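# Architecture at a glance
Letter by letter, the chains look like this.
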Amino acid sequence: SYRKYTSSEASEYTLRPYAVKEFAKRWYIIGHCVERDGLRVYGLDRVKSMKITDATFRMPKDFEVEEIFATSFGIYLPDGRGQKITFRTSEKEAQYLRDLPLHTSQSEETADGDTATFSIFVCPKDRNGRLYNDLIMELCRYGSRLEVLSPADVRAAVAEELQKAADIYK
């Protein structure tokens, strides 16, 4: 029994569990949902009840949790189309990002002593073409200490979110 944040009612699912994964201090279970006939991710904190059945299943031989989430930012299942996101920071902020990268794909492109440019390769959009909120919020977390250079839609989404925050304080 599982209740989404966007629903007041719990739904019942039969899940073939494949893996658990942590992101942002929360645990998730990844598995094949029988009712939805596909791979799904469920937050364990939103599971209202669970029971083990006598049903058995075979794990797919090609299931590799790290491979599936290689281009994911957060816990979302990527649609397979990763994209390079480039951002610039001050040298001071760059030191933190070198120690604790935003994503496993992070690479440093340039550094001139005052600023550094990094890139990550992630899938920034869901299957419906909407930007993932987790990614935008992470980029916004750095405020004026990080500037998204490309792609244009990610840059615009970060700018819009930061502008909304600035408007609150006017």
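Placed above this text is the structure.
Anyway, here's the lowdown on the structure attached to this text. (Residues numbered from 1 in each chain as written. Predicted model: local features only at pLDDT ≥ 70, side-chain atom pairs only at ≥ 80, totals over all residues. Heavy atoms only, no water.)

All right, on to the layout of surface pockets then. Empty space among the atoms can be located by rolling a probe the size of a water molecule over them. When its volume is computed, the largest pocket comes out at roughly 1400 Å³. Those elements that provide at least two residues to the lining of the largest pocket are β1 (15-23), β2 (26-33), β3 (38-43), α2 (91-99) and α3 (133-140). With five residues, β3 is the largest single contributor of residues to the lining of the largest pocket. Per-class residue counts for the lining of the largest pocket are 22 nonpolar, eight polar and 14 charged. Here the second largest pocket defines a volume of roughly 640 Å³. Every residue lining the second largest pocket is counted, 22 residues in all, and those nearest its centre are Tyr-13, Thr-14, Leu-15, Met-50 and Lys-51. In terms of residue count, the dominant contributor to the lining of the second largest pocket is β1 (three residues). Counted by class, the lining of the second largest pocket contains 13 nonpolar, six polar and three charged residues. (1 Å grid on protein atoms, 1.4 Å probe; cavity = no way out; pocket = protein on both sides within 12 Å on 5 of 7 lines; lining within 4 Å. Points joined across faces, edges and corners; volume = space filled by probe spheres on them. Helix = DSSP H or I, 4+ residues; strand = E, 2+ residues; numbered from the N terminus. Nonpolar A, V, L, I, M, F, W, Y, C, P; charged D, E, K, R; others polar.)

For the rest of this paragraph, the subject is α2. Residues Glu-91, Glu-93, Ala-94 and Leu-97 constitute the buried set of α2. With its buried residues spanning 145° around the axis, α2 presents them on a single face. Opposite the packed face of α2, turned more than 90 degrees from it, sit the exposed residues Lys-92, Tyr-96 and Asp-99. As for α2, its buried residues are in contact with β4 (83-90) and β6 (115-122). (Buried < 20%, exposed > 50% of the residue type's maximum accessible area, 1.4 Å probe, protein only. Arc of directions from axis to C-beta. Contact = heavy atoms within 4.5 Å.)

So, about a nonpolar patch on the surface. A cluster of nonpolar side chains, contributed by Val-20, Trp-27, Leu-44 and Met-50, occupies part of the molecular surface with about 430 Å² of accessible area. Following the sequence through the fold, Leu-44 ends up in the loop between β3 and α1 (65-68). Judged by its relative accessible area of 32%, Leu-44 falls in the partly exposed class. (Patch = residues over 30% accessible without salt bridge, like charges linked within 9 Å, V, L, I, M, F, W, Y side chains within 5 Å. Areas by Shrake-Rupley, 256 points an atom, 1.4 Å probe, with all protein chains shown as cover. Salt bridge = Lys/Arg side-chain N within 4 Å of Asp/Glu carboxyl O.)

Counted at 1.5 Å a residue, the expected span for helix α4 (residues 152-168) with its 17 residues is 24 Å, and the 25 Å between its end C-alpha atoms agrees. Within α4, burial applies to Val-154, Ala-157 and Val-158. An end-on view of α4 places all buried positions within 95° of arc, on one side of the element. Elements that come into contact with the buried residues of α4 comprise β4, α3 and β7 (146-150). (Expected span 1.5 Å × (residues − 1).)

Turning our attention to the sheet that holds β6. Ordered by their spatial adjacency, four strands build an open sheet running β5-β6-β4-β7, and the pairing between neighbours is antiparallel. The open sheet is flanked by β5 (107-111) and β7, the only strands paired with a single partner. When strand polarity is set aside, the average angle formed by the axes of neighbouring strands in this sheet is 30°. Where β4 meets β7, four bridges bridge the pair, whose relative direction is antiparallel. (Pairing = 2+ DSSP bridges. Axes fitted to C-alpha atoms, helices over the stretch in contact; angles between N-to-C directions.)

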